[in-house]
Amino acid sequence: MRSIQYEAPATVDEAVARLAEAGDKARPLAGGTDLIVQMRSRLISPEVIVDVKNIPELLQVSEEGGGFRVGAAVPGAVLGENEAVVAMWPGVVEAFELIGSTQIQGRASLGGNLCNGSPAADSTPAMIAAGVTCEIAGPNGRREAPVEDLVTAPGETSLGRGELVVSFFLPPRPARTGDAYLRFIPRTEMDIAVVGVGVCVTLDDGGTCTGARVGLGAVAPRPLLVPAAADALVGTRLDDGAMANLAAAASAACNPIDDKRGTKTYRIKVAGVLARRAAGIASERARSN
Amino acid sequence: MAKRHVTTTVNGEPREFLCEVDQTLLDALRDELGLTGSKEGCGSGDCGACSVMLDGRLVCSCLALAVEAEGREVETIEGMADGDRLHPLQRTFLEEAALQCGICTPGFLVAAKALLDRDPDPSETEIRYWLAGNLCRCTGYDKIVRAVQKAAVEMRAEA
Ligand SMILES: Cc1cc2nc3c(=O)[nH]c(=O)nc-3n(C[C@H](O)[C@H](O)[C@H](O)COP(=O)(O)OP(=O)(O)OC[C@H]3O[C@@H](n4cnc5c(N)ncnc54)[C@H](O)[C@@H]3O)c2cc1C
Ligand code: FES
Ligand code: FES
């Protein structure tokens, strides 16, 4: 029988050392809702499984510098119960909570959703919109990287040998800022995004947009930050013309696949529609805080 | 290859078993501990027939490794009745005919109990969303939702 090892170290250093030593043969295990499915369908056959759920740092949620530090392995069910995080970044939490069923929420993590590398991962465009960064530990110490730099192609990340995402930093929310995430799926629960859009906007006292970020999922080989879509909003009062420009820029950034769940033309069109709707929700939230 | 020795708590009792690293918690419960109440409908997290509580969280035991149970607390359908006394949910499922073939029933019961333990008065919509990860090919769900609502009323009256 093929040998497979399981380890559940208590520190980041031990996990990194083990991952670095085993290289491609090793996989971190967070909630297992992607990893175990892939192992069972023999898509992957890791030889070393490094369970990261005994490392306190990966399971913590704490306030930091006016924002929040969220451990990479914190399950959706746990983050959704954190009222302070929900109040500050509702778009990130609503995207995370869209993942799977109640049972999946009991295990699924932001780190797993991102590092699985799916272009359709729900939490990724929302984290991109909110300007979330990840802290990555590796054999050469720690580094920070914006979420949009992690996924490079379907199933591929920019993580080097032995690197592990330790936590995410949800930055302090500027005044009059709101974020939102919307996805389109053929049913109301338990499906993979055909299009996902995260939008974050900041308004000034008079309601003019002074900053924006737009993240797109499921419409390209990797989740995208779309500066042109944000530029369509900045300097405007989010009037119909600006919203139409946003939709056009979001659609223009798409390079989607054509499949039974959504044709290319359809995904491109829906990306624009959802960007506009998400920007509407984000701006309402921005006005109320 | 050497099997792993796991020490855990199942339905409040200390238990030990030997398992392979790639064996799921569901397989260990069924094959090593003889707790065959949890079912395998899909093995991919889609149907909820394998639902158990792991350290107080509702999870699919088909998507957890058995070795992950080390030092943790597992609750299964076998722990739901109090001896011969059925849990109110088990009783209302029978009274409302919320099962036909029954393969989905243990998962629905474990999931519904997790809901009522945190929210004694959920709306119908909340019940349906909470149970969206539990599939039933027989009942059409309405009777299941009614059974959960009826149990909720009875449990609130008792509390
Ligand atoms: C029934 C079902 C429904 C689902 N629905 C959705 C959905 O609606 N939307 C969606 O986006 N996804 C969905 N998923 C996919 C999955 O649940 C999510 O991607 C989830 O967030 C993965 O997190 P996890 O903790 O379970 O990751 P794991 O399975 O533990 O890990 C996933 C991958 O990331 C790597 N990894 C994990 N943690 C780290 C880390 N800290 N550093 C580096 N690498 C790491 C692992 O090695 C593995 O390759 C669904 C899955 C199932 C089974
Ligand atoms: S058997 Fe686990 S979800 Fe279907
Ligand atoms: S009673 Fe047969 S699947 Fe639910």
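Residues numbered from 1 in each chain as written. Chains lettered and ligands numbered in written order. Predicted model: local features only at pLDDT ≥ 70, side-chain atom pairs only at ≥ 80, totals over all residues. Heavy atoms only, no water.

Draft legend 1. Inspection of the site of ligand 1 at higher detail. Surveying the vicinity of ligand 1 reveals 35 residues, the closest of which are Pro28(A), Thr33(A), Asp34(A), Ser109(A) and Asp122(A). Neighbouring residues of ligand 1 are not confined to a single chain but are spread across chains A and B. The backbone of Gly32(A) places a nitrogen or oxygen atom 2.8 Å from an oxygen atom of ligand 1. In this structure, Gly100(A) approaches ligand 1 through a main-chain N or O atom, which is 3.2 Å from a nitrogen atom. In the complex, the protein chains occlude 93% of the 980 Å² of accessible area that ligand 1 would expose alone. Those elements giving two or more residues to the shell around ligand 1 turn out to be β2 (26-29), α8 (110-115) and β10 (164-170) of chain A. For the shell around ligand 1, the per-class residue count stands at 17 nonpolar, 11 polar and seven charged. (Near = heavy atom within 4 Å. Polar contact = N/O pair within 3.5 Å; in protein donor to acceptor, adjacent residues only side chain to side chain. Areas by Shrake-Rupley, 256 points an atom, 1.4 Å probe, with all protein chains shown as cover. Helix = DSSP H or I, 4+ residues; strand = E, 2+ residues; numbered from the N terminus. Nonpolar A, V, L, I, M, F, W, Y, C, P; charged D, E, K, R; others polar.)

Draft legend 2. Spatial organisation of the domain arrangement of chain A. Residues and elements named next belong to chain A. Each assigned domain of chain A is listed with its residue range as follows: domain 1 (5-51), domain 2 (61-170) and domain 3 (177-287). Between domain 1 and domain 2, the C-alpha centre-to-centre distance is 18 Å. Summing both partners gives a buried area of about 1100 Å² for domain 1 against domain 2, and 62% of it is carried by carbon and sulfur. Linking domain 1 with domain 2 are zero salt bridges, by the criterion used here. At the junction of domain 1 and domain 2, the tally comes to five residue pairs in polar contact (both at pLDDT 80 or more). (Domains from an automatic or database assignment. Buried area = accessible area lost by both parts, 1.4 Å probe. Salt bridge = Lys/Arg side-chain N within 4 Å of Asp/Glu carboxyl O.)

Draft legend 3. Local environment of the sheet that holds strand β13 (residues 209-217) of chain A. All names here are of chain A. Reading across the sheet, the four strands line up as β11-β12-β13-β14 and stay open at both edges, with antiparallel pairing between neighbours. Single-partner strands in this sheet number two, and they are β11 (177-184) and β14 (224-225). Both β13 and β14 contribute to a ladder of two bridges, which runs antiparallel. Directly across from Leu 216, in β14, lies its bridge partner Leu 224. (Pairing = 2+ DSSP bridges.)

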